[in-house]
Amino acid sequence: MVGSLRASKEGLDIVEQARKKKGWTKTALTWCEKALTTEATLKRFWRLVPIQQESFTKICEVVGVDWENVVDENFSLPTGTPRIDWEQPIDVSIFYGRKKELATLEKSVFKDRLAIVSGLGGIGKTTLVGKLWENIKGKGEFEYVIQRSLCNKPPLSELLNDLIEFLSDDEEKTGGIFQLMGYLRKQRCLLILDNVEAIMSSDKLAGFFCPEYQDYSDLIKRVKAEQHKSCLLLISWERPKDSVGLLGEKVGFLRLSGLEQEAQELLKAQGLLGTDKELETLNKLYAGNPGSLKLISALIQELFDGRVQNYLRSGTIVVVLNEILAQHFSRLSDLETKIMINLAMNSEPSSLSQLIEEISSQPASKVMEAVNSLINRSLIEKISSEVGEVLFSLLPEVRKYVKSKFVK
Ligand SMILES: Nc1ncnc2c1ncn2[C@@H]1O[C@H](COP(=O)(O)OP(=O)(O)O)[C@@H](O)[C@H]1O
Ligand SMILES: [Mg+2]
């Protein structure tokens, strides 16, 4: 972007002092209005993302500082440098395994228009995408990369304004899907939206948006179906229904499961003591979920001085993902909960026909829909039996959670 400026770290300190004196928040509306800019630009200013010179000088001027003392003089943007605006930088300095997943995802974001990463909370979705970016940022594939979390449930119009401002190099402040599609055609962009589940409905089966966020569904459909050279990467607990691609459509999907062998390295790095076999058993109990493994490691440190054997001997599974699982379960329909309880009570994996038979109060089609929804939510595991039959089961931590919450 020609004529764009970025603050230096010291410069930001000066602005910080000045804004405190004025009693303004970092994104105060008055500040935006006086500087004739938007909240999104002001946020970028704070994140040290280059913004247009005109906005930069105004932002400094109205808070009462000289922009020349704020600007990073050593900063220049050589032509061809990608523009990046990552809302929540992710630390991937400690990262284990995921070679296959990274290769699959890289292929997908390079060739697909829409890519989805789904999986349980704590399984490592956000971290995987952070690592992906670290791996590909030197490859010069994308001209614009923007990452946003939907945690705060932004209405689509707000998100679109934010994206368009960035993709237009601050030339445009607002726009709709039509304008966005223009930018996705004109330049090669990678748009990353994390925590998409925040705007998905919790009183339907998996994969539907809340009524007030239905327009996100249009966005997904258009990004999937129209010609352009960019990729929208969604990170979510559930895969949105509209993101399912038909044969030939440029859609990539990765359902993330647990770490395998590499989890042992993670456990050792957490300071746990045990034989490879013990670490493997611990990993299996927590189905390789790195979020769970980190939490259980802390507990084993405290209660067993890090000795895995002593924890395993206790013969119990401590549910460490309580809060996350509670959020997942709060989204289930009655029938889905019933199926979960049924699976928790069966010590052996169940087949679909067995589930249909056992839940005879509901028509078979409803049971099938609900099982499908639970697979989408990554709450049930699919296993192929030796005779080629598909069986369903629960991960040990999930089973324990269901039993403790729902079974008297
Ligand atoms: N491959 C990995 N290697 C090491 N730690 C990981 C890995 N994947 C995830 N983690 C750690 O596990 C925790 C949960 O990961 P996160 O990416 O936030 O999960 P999600 O986004 O699926 O909820 C974080 O503390 C993260 O650092
Ligand atoms: Mg995440």
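Calculation criteria
Counting from 1, residues in each chain are numbered in the order their sequence is written. Ligands are numbered from 1 and chains lettered from A, in the order in which they are written. The predicted origin of the model limits local features to residues at a pLDDT of at least 70 and limits the giving and counting of side-chain atom pairs to 80 or more, whereas totals for whole chains, interfaces and linings rest on all residues. Values shown for side chains rest on all heavy atoms present in the structure; no hydrogens or waters enter the calculation. An automatic or database domain assignment provides the domain bounds reported here. Contacts are residue-level and defined by heavy atoms, with any inter-residue pair within 4.5 Å sufficient. When two parts are brought into contact, each loses some accessible area as probed by a 1.4 Å sphere; the total of that loss over both is the buried area. Any Lys or Arg side-chain nitrogen located within 4 Å of an Asp or Glu carboxyl oxygen qualifies as a salt bridge. Residues adjacent in sequence count toward polar contacts only when both atoms are side-chain atoms; beyond that, a polar contact is any pair of N or O atoms within 3.5 Å, and within protein one must be able to donate a hydrogen and the other to accept it. Residues are grouped as follows: nonpolar covers Ala, Val, Leu, Ile, Met, Phe, Trp, Tyr, Cys and Pro; charged covers Asp, Glu, Lys and Arg; every other residue, Gly included, is treated as polar. Every angle, taken between N-to-C directions, lies between 0 and 180 degrees, and every axis is a line fitted to C-alpha atoms, over only the stretch in contact when it is a helix. The way it works is that DSSP assigns letters per residue, a run of H or I at least four long becomes a helix, a run of E at least two long becomes a strand, and they are numbered from the N terminus. Any angle that is under 35 degrees is reported as roughly parallel, and any over 145 degrees as roughly antiparallel; angles of 65 to 115 degrees are reported as roughly perpendicular and all others as oblique. Each helix crossing is assigned a hand: it is left-handed if the near helix lies turned anticlockwise from the far helix by less than a right angle, otherwise right-handed if that turn is clockwise. Note: two strands are recorded as paired if DSSP finds a minimum of 2 bridges between them.

Domains assigned within the protein are domain 1 (4-70), domain 2 (83-255), domain 3 (263-319) and domain 4 (324-406). Here the C-alpha centre of domain 4 lies 26 Å away from the C-alpha centre of domain 3. Taken together, the contacts link nine residues of domain 3 with six residues of domain 4. Summing both sides of the interface, domain 3 and domain 4 together bury roughly 590 Å²; the carbon and sulfur share of this comes to 65%. At the junction of domain 3 and domain 4, the tally comes to zero salt bridges. Seen at the junction of domain 3 and domain 4, the total is three residue pairs in polar contact (both at pLDDT 80 or more). Here the residues of the side of domain 3 that touches domain 4 sort into six nonpolar, two polar and one charged.

Bringing the packing of helix 3 (residues 39-46) against helix 8 (residues 156-167) into the picture now. Where helix 3 meets helix 8, the closest approach of the two axes is 9 Å, and the angle between their N-to-C directions is 60°. Classified by the interaxial angle, the pair formed by helix 3 and helix 8 is oblique. The two elements helix 3 and helix 8 meet at a crossing, and its hand is right-handed. Contacts from Ala40, Thr41 and Arg44 of helix 3 reach helix 8 at Asp162, Glu165 and Phe166. Class assignment of the residues belonging to the contact of helix 3 with helix 8 gives a composition of two nonpolar, one polar and three charged.

Okay, the sheet that holds strand 3 (residues 83-86) next. Spatial ordering of the open sheet is given by 3-5-6-7-4-8, a layout of six strands whose pairing is parallel. On the outer flanks of this sheet lie strand 3 and strand 8 (251-255), each paired with one strand and no other. Neighbour-to-neighbour, the strand axes of this sheet turn through a mean angle of 10°, independent of strand direction. One ladder, built from five bridges, connects strand 4 (residues 114-118) with strand 7 (residues 231-236); its direction is parallel. Looking across to strand 7, one finds that Ser118 is bridged to Ser236.

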